[in-house]
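Here's the letter readout for the chains.
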Amino acid sequence: MIESQWIRQPVLAMVYALAGVLASVFPGPVAGELTIAIPAVVALLGWLACGPWALIGVSVGALFFGMISDPLLGSLPRPDAFVGALFGVVGANVQALLGAVLTRRFVPRWKQLAHVFDALRLFFFAGALAALPWAALRLLLRYLGDFPLFVSPAAAFGAAWLSQVLAVIAVLPIALSLSWRGDSPLRTRVASLVIPAGAVLLAVLALYRVAFDVEHQRQAARFEAVGAAISHRIQDRVGEVMAALDGVDRFFEVDATPTRRTFHRLADAAVQRAPGLVALQWVPQVAGRDRRTYETLAEADGLAGFVFREYEAGGSVTPARAREVHYPVFFSVPRQLSPYRLGVDLASIPTLEHAISKAPEDGLRVLGPLPMPVSSNVRVAEEVMLLMSPVFQDTGAAGGPVFRGLIVGVLRLMPLMTSVMADFDLTGLFVSLSDASDGAGNSRLYPAALRPVNDGFVMTETLPVGDRVWQLRMASDGRFEAADGLPLLWIAMIGSAIFFALLHGFLLTVSGQRTEVARQIGEATARLTREVEERRRIEAILRQSDARMSGVFQAVVDGIVIIDESGVIDSANPAVTGIFGWTPLELVGRNVSMLMPEPFQSAHDGYLDTYRRTGRKNTIGFHRTVEGLRKDGRRFPVELTVSELMLADRKVFVGLLRDITDRVASAEQARQFNEQLQDMVGALERRDGELTELNRINEQLMACNDRNEAADVVRLAMARIFSGTSGRIVAHVPGQRDGHLADWVSWGDAADLATLVHPNECWAVRQGRSYEVVATEALVKCTHLDPALGPYMCVPLMVQGRAHALVTLAFGSMSELQRRNIRRLLGAVAESVNLALSNLNLREILRDQVVRDPLTQLYNRRYMEEALSREVKRARRNGSLLACTVIDLDHFKAINDAYGHDVGDEVLRRMADALNRWFRSSDTVCRYGGEEFVVIMPEQSGDTISERLLALQEHFADEVFHAGSRRFTRCTFSAGVAVDSGDDIDAIALLKLADNALYAAKAAGRNRVIVSGA
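Predicted model only: the values in this text are computed from it and were never measured. Numbers given for residues are sequential positions, taken from 1 along each chain in its written order. Per-residue local features of the predicted model are confined to residues with pLDDT of at least 70, and side-chain atom pairs are confined, for both listing and counting, to 80 or more; whole-chain, interface and lining totals are unaffected and use all residues. Note: side-chain values were computed over all heavy atoms of the structure, leaving out hydrogens and water.

Trainee: Quick one: what's the story with the overall build of the protein chain, residue by residue and with numbers?
Mentor: Numbered from the N terminus, helices here are DSSP runs of H or I no shorter than four residues, and strands are runs of E no shorter than two. The secondary structure content of the protein chain amounts to 26 helices and 31 strands. The contact criterion used throughout is that any non-hydrogen atoms of two residues lie within 4.5 Å. Pairs at least 24 apart in sequence give 62% of the contacts found in the protein chain among residues at least 6 apart. By element, 57% of the accessible surface of the protein chain is carried by carbon and sulfur atoms, the whole surface being about 51900 Å². All accessible areas in this document rest on Shrake-Rupley with a 1.4 Å probe, and a residue is counted as covered only by the protein chains that are shown.

Now the structure itself:
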């Protein structure tokens, strides 16, 4: 495949380039756009035939074509032409790729084109749609390359698009038809499609060339008509100027002494009638001796300071030098547009001196174009023409008319030509006027610069003007032809596209019908041959099948019984004997109901009769399990399948029977085993769920920080695990010495369960194991329960032989199986709760050992410092009062010395108990050290605290202490109180103030209360 592509792509590139060269021969309505028509078809065929490989051939061919033959790029320099050719490469491949993709997607039968709709879809997708990108790129190339666009952008885009569409419609079906020669059904279409379409294509190309020639001749004739009209109009305008000069000339020939006013009136009228004639001047011939006479006459006419003047080399004006003959400007109308001022001696101007001397002999002289003098009265952009007409006067002398002077006309060609062009549409036309008196025609008169034109029509015509010969040149470009409405070439292209679309549609329809008929005949013949062969094969298969079925009928292990519509057994296989005990000979001719037990035996004929009348089926067509009747009268399960079989002359029913006695027994055993297995699986799943729940409870209990958090976890878990029950857990409270178990957790309706239990009230605690009571058992109930309570179970939680908690669960109205499951699960849950509760109790004991004083069970100094810091922050935040009291027992050392340390310890414990009872639960009582105590009291004033301490002093003084046989009272203490509030409160400072107040109380005689602060 790859090797063949390396051969195909050079061929594709060569064909593409040759197609471009061929297409460039035919002009189009927009120059250069018809050249992409045939290459577009070649690129599309390349992509359809070669796929992505066509990118190589199309790119090389498009690059070569763009650099060598594309008229649009031919006038560009090589680098710019190369860039333009790259645009062509992109456009060609995009057009071909898009056309190939759309053709394969929307025209599945594009290779055959069997129907006219296939061709129409091909023209639309491969032509109309695929041509859009390349047409847009061509238009973009025109703008980027600054090519002259003689038509509208829409026309340029339409020409590029229409040329591609026309090529696809005209050439693509012919090219595709040539590929049918290898396909025998389509081979006949080649002659009926390619030859007529090819002949028509050549005829259309010839007619297109004729149309181009006709259009070219028509445009040439129009160009010549416009040129002739412009030439005649210029001659008319120049004639009007000459007529104006001639009229003034005759006036001076008649009137020997014209006045300035008369000249102004006559000259004004002449200038108004002649476009381009901007001024008229009277230049008399004055002899040197008469100079002063003329200057005096001018002053008499109101021109003060009038003298003859001349131009110096720098352009300045000075009085004229004395000459034999002067030619001064004596009259000038209008004075503002006169090139030379009044009084200027024209004979002093070198460019005019010779012309003036020859004017009497040559007649009218035309000078120009001449630049305006620097000191002239007028400032115009263009140069002017001077027309000098000699004036003669007949004096009657013998020598004939006498030369008197010159009438000078100032002519500007721009207004003259503007008046000429105003009546014509000059779109695409370029008009120039030059002086060709010397035969070269290089002296450009109008316009100053002419745009070069490389193509179009050109005409040249000479115009005699006075003693000069002017040359009129007119040229056109593409806009001239485009301005003439809808050209013939547009009509030819559009008409050709429509004509070829209709032609190919007709040819494809005609040839497609013939091919379709041949194809249908061939398919019908092949189908008939296949049917005959298939019938023969089926007959052989049926013979083999009949032999096999006979063998199967005799050898199959299942019973087969065939009955007629009346229920009479027609035949039976030998396997029936093993099932029913009847031989086939004993069954044939008897009703099949003999093989059925009652009540089916009596109802069977009714089933058949109902089926014959209504068609309603009970057994026919179904797979069912029924009961059969053996020859010895025993019933047994039978698997039955009945099917209906239509023979040539009658209808029979075939019953397939299988004894399933063993299978039914096995199924029953399997069912029982399955139930047991399901029960086991259910139990395992429940056990797994219970274990998962226990693990979750253990994890949560291990994460609890205190008994309250653990109580919440246990309460939710017990209600979730033992739903439908009620219960309570009572537990030992740390620090409680009476041995009672207090309420800790409850769930459900636990009103019948005591909240405070003594160990002797529960048989489970007394026995050290679980204790269960159900309604059917005559066991003694625990006394901590309501006597009317139903079945229940108590589980003690033991640690080192001592019960520190008790779980009591009331079953309610549960079955024995449910109680057994709960009993097992309760033991596991109780173990988890026991472990968690033991850990929490141990944690609280350890915490108490850290923060409590072992003698008084009060908080120690460390806890006091933490509590004081915490209360100080709260007081700052709330802006409340905070009091700190330091208490010291008076003469405590004397008590230790007199009665011993045991008695001293008792005094400290009694003091601690008094302080705990005497202050609020929100107050913090701590042992500071030795016989000193600290009480932190938030939100209390000094007076209130002082009153309470004084009352406590009286109460403690009445306490009686025993030391063996001795006893003593009047133990006193001193107290210092510090109270503060606000943002400036400080823990250390507050404690220091209280300590100072204590020292003050000691110094004041002890048994005092001193308050410091607010």
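Trainee: Summarise helix 3 (residues 54-68); cite the residues concerned and give the values.
Mentor: The length a helix should cover is 1.5 Å for every residue beyond the first. Counted at 1.5 Å a residue, the expected span for helix 3 with its 15 residues is 21 Å, and the 21 Å between its end C-alpha atoms agrees. Relative accessibility thresholds used throughout: buried, under 20% of the residue-type maximum; exposed, over 50%; partly exposed, between the two (1.4 Å probe, protein chains only). When helix 3 is considered as a whole, its buried residues turn out to be Ala54, Gly57, Val58, Ser59, Gly61, Ala62, Phe65 and Gly66.

Trainee: Which residues make up the sheet that holds strand 19 (residues 726-732), and what values go with them?
Mentor: One bridge is not enough; two strands pair if DSSP finds at least two bridges between them. Reading across from one edge, 21-20-19-24-23-22 is the order of the six strands in this open sheet, with antiparallel pairing throughout. Strand pairing shows two members of the sheet lacking a second neighbour, strand 21 (756-757) and strand 22 (771-773), which therefore form its edges. Across the sheet, helix 19 (residues 707-721) lies against strand 19, strand 20 (741-747) and strand 24 (802-810), angled at about 45 degrees from strand 20, the strand it touches most. Fitting a line to C-alpha atoms yields each axis, with helices limited to the stretch in contact; the angle taken between N-to-C directions then spans 0 to 180 degrees.

Trainee: Talk me through the pattern of salt bridges; I want residue IDs and the actual numbers.
Mentor: For side chains of opposite charge, pairing can occur when their charged atoms come near one another. Throughout this description, the term salt bridge denotes a Lys or Arg side-chain nitrogen within 4 Å of a carboxyl oxygen of Asp or Glu. Counted by the stated rule, this structure contains 29 salt bridges. Of the charged contacts, one joins Arg663 and Glu639 as a salt bridge, the two residues approaching to 2.4 Å between their closest N and O atoms. Residue Arg663 is located in helix 18 (residues 661-702), and its partner Glu639 is located in strand 17 (residues 635-646); the two are separated by 24 residues in the primary sequence. Ionic pairing is found between Asp712 and Arg715, a salt bridge with its closest N-O pair at 2.9 Å. With Asp712 and Arg715 both in helix 19 and three residues apart, this pair spans about one turn of that helix. One network of salt bridges, in which partners are shared, links Glu310, Arg321, Arg323 and Asp345.

Trainee: A description of the side chain of Asp890 should follow, citing residues and the corresponding values.
Mentor: In this structure, Asp890 sits in the loop between strand 25 (882-889) and helix 23 (892-899). Residue Asp890 is classed as buried on the basis of its relative accessible area of 4%. Polar contacts involving the side chain of Asp890 include one to the side chain of Ser974, which spans 2.9 Å. Polar contact criterion, stated in full: a pair of N or O atoms within 3.5 Å, where within protein one must be able to donate a hydrogen and the other to accept it, and residues adjacent in sequence count only if both atoms are side-chain atoms. At 3.0 Å, the side chain of Asp890 forms a polar contact with the side chain of Lys1002.

Trainee: How would you explain the confidence of the model for the protein chain if you had to name every residue and give the values?
Mentor: Mean pLDDT over the protein chain stands at 79; residues scoring 70 or higher make up 82%. Known as pLDDT, the predictor's per-residue confidence is scaled from 0 to 100. This stretch, residues 374-381, has a pLDDT under 50; its non-local contacts, to residues over four places away or in other chains, come to 22 contacts.

Trainee: Explain the packing of aromatic side chains to me, using residue names and the numbers behind them.
Mentor: In this description, an aromatic ring pair is defined by two values, namely the gap between the centres and the angle between the planes. Pairing of aromatic rings covers Phe, Tyr and Trp, the last counted by its six-membered ring, and requires centre-to-centre distances within 6.5 Å; plane angles under 30 degrees mean stacked, over 60 mean edge-to-face, and any other angle means tilted. A complete count under the given rule lists 16 aromatic pairs for this structure. Each ring, one from Tyr859 and one from Tyr863, has its centre 3.8 Å from the other, and the planes form 20 degrees; the classification is stacked. On the basis of relative accessibility, which here comes to 14%, the residue Tyr863 falls in the buried class. The structure contains a cluster of three or more aromatic residues connected by ring pairs, namely Phe251, Phe252, Phe263, Trp282, Tyr294, Phe306, Phe308, Phe330 and Phe331. Remark: a charge is flagged as sitting over a ring if the NZ atom of Lys or the CZ atom of Arg is within 6 Å of the ring centre and within 35 degrees of the ring normal. Directly above the aromatic system of Phe106 lies the positively charged group of Arg105, at a separation of 5.0 Å from the ring centroid.

Trainee: How would you summarise the sheet that holds strand 9 (residues 402-411) if you had to cite specific residues and measurements?
Mentor: Whenever strands of a sheet pair, they do so through backbone hydrogen bonds, lying parallel or antiparallel. Strand order across the open sheet formed by five strands is 6-1-9-8-7, with antiparallel pairing between neighbours. Only two strands of the sheet have a single partner each, and these edge strands are strand 6 (331-333) and strand 7 (365-370). Shown here is a sheet whose adjacent strand axes are inclined to one another by a mean of 20 degrees, direction ignored. Pairing of strand 1 (residues 277-284) with strand 6, which is carried by three bridges, proceeds in the antiparallel orientation. Within strand 6, the position partnered with Trp282 by the bridge is Phe331. In the packing of helix 9 (residues 260-273) onto the sheet, contacts are made with strand 1 and strand 6, and the angle to strand 1 comes to roughly 150 degrees.

Trainee: Before we move on, could you go through the environment of Arg261 and cite the residues and values that matter?
Mentor: By the secondary structure assignment, Arg261 is in helix 9. Spatially, the C-alpha atom of Arg261 lies 9.4 Å from that of Asp301, the residues being 40 residues apart in sequence.

Trainee: So what's going on with the nonpolar core? Which residues, and what values?
Mentor: Side-chain atoms within 4.5 Å link the members of a nonpolar core, which is a set of buried Ala, Val, Leu, Ile, Met, Phe, Trp, Tyr and Cys residues. In this structure, Ile230, Leu280, Leu346, Leu352 and Trp470 are the most contacted members of the largest nonpolar core, which totals 79 residues. At 13 residues, the largest contribution of residues to this core is made by helix 8 (residues 184-254). Residue assignment places this core across two domains, with domain 2 (247-372 + 380-412) and domain 3 (420-483) each supplying three or more. With residues up to four places along the chain from it excluded, the contact list for Leu346 reads Val283, Tyr327, Val329, Tyr340, Leu352, Glu353, Ile356 and Val408. Ala96, Leu102, Val168 and Leu172 belong to the second-largest nonpolar core, a separate cluster that totals 36 residues. Boundaries between domains were set according to an automatic or database domain assignment.

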